[in-house]
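# Examining the three-dimensional arrangement
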Amino acid sequence: QVQLVESGGGSVQAGGSLRLSCAASRSILSINIMGWYHQAPEKQRELVANITRFGSTNYADSVKGRFTISRDKTKNTVYLQMNSLKPEDTAVYYCNALVITTYQANYWGQGTLVTVSS
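Residues numbered from 1 in each chain as written. Predicted model: local features only at pLDDT ≥ 70, side-chain atom pairs only at ≥ 80, totals over all residues. Heavy atoms only, no water.

Between side chains of opposite charge, a pair can form when the charged atoms approach closely. For the coordinates displayed, the defined rule picks out two salt bridges. Note that aspartate 61 and lysine 64 form a salt bridge whose closest N and O atoms lie 3.1 Å from each other. Note that arginine 66 is salt-bridged to aspartate 89, the shortest N-O span being 2.8 Å. In this pair, arginine 66 is assigned in the loop between strand E6 (57-59) and strand E7 (67-72) and aspartate 89 in the loop between strand E8 (77-82) and strand E9 (91-100), connecting sequence segments 23 residues apart. (Salt bridge = Lys/Arg side-chain N within 4 Å of Asp/Glu carboxyl O. Helix = DSSP H or I, 4+ residues; strand = E, 2+ residues; numbered from the N terminus.)

Printed below as a string of structure tokens:
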């Protein structure tokens with residue numbers, strides 16, 4: 001089991017920055033992949049960025065060069081630094097943890113709203 005608690009959402013003007021945090025209830029090194037997804041109104045949830053337990057990162061094309069995913073192993077926390085925000089980044093952002101043992105288990109945070117105004 002993994003509990004995830006997100007924080008850091010809010011409202012910002014276009015061009016601004018926000019940093020999201022996701023605190024996990026266990027060592028993030030025991031989690032195969034941690035990631036951030038977003039879901040805009042009436043759209044499907046999409047991957048924004050993820051980071052493997054080995055530190056490899058992956059980004060959606062729409063956020064490359066603007067967003068950075070990072071982690072603090074001592075705090076069991078993953079961050080999403082979002083710069084140069086655009087109105088189309090407006091969405092609920094969810095933290096995800098994928099744990100792979102003999103099966104795959106996905107865990108989700110409660111979501112945090114990011115609103116970018118033009």
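Tallied over the full model, the rule gives one disulfide. Cysteine 22 shares a disulfide with cysteine 95; S-S distance 2.0 Å. One disulfide, between cysteine 22 and cysteine 95, carries an S-S torsion of -80° and so falls in the left-handed class. Here cysteine 95 lies in strand E9 and cysteine 22 lies in strand E3 (residues 18-24), a separation of 73 residues in the sequence. Judged by relative accessible area, which is 1%, cysteine 95 ranks as buried. (Disulfide = S-S within 2.5 Å. Buried < 20%, exposed > 50% of the residue type's maximum accessible area, 1.4 Å probe, protein only.)

The strand order across the open sheet formed by four strands is E1-E3-E8-E7, and the pairing between neighbours is antiparallel. Lying at the two open borders of the sheet, with one neighbouring strand each, are strand E1 (4-7) and E7. The sheet shows a mean angle of 15° between the axes of neighbouring strands, taken without regard to direction. (Pairing = 2+ DSSP bridges. Axes fitted to C-alpha atoms, helices over the stretch in contact; angles between N-to-C directions.)

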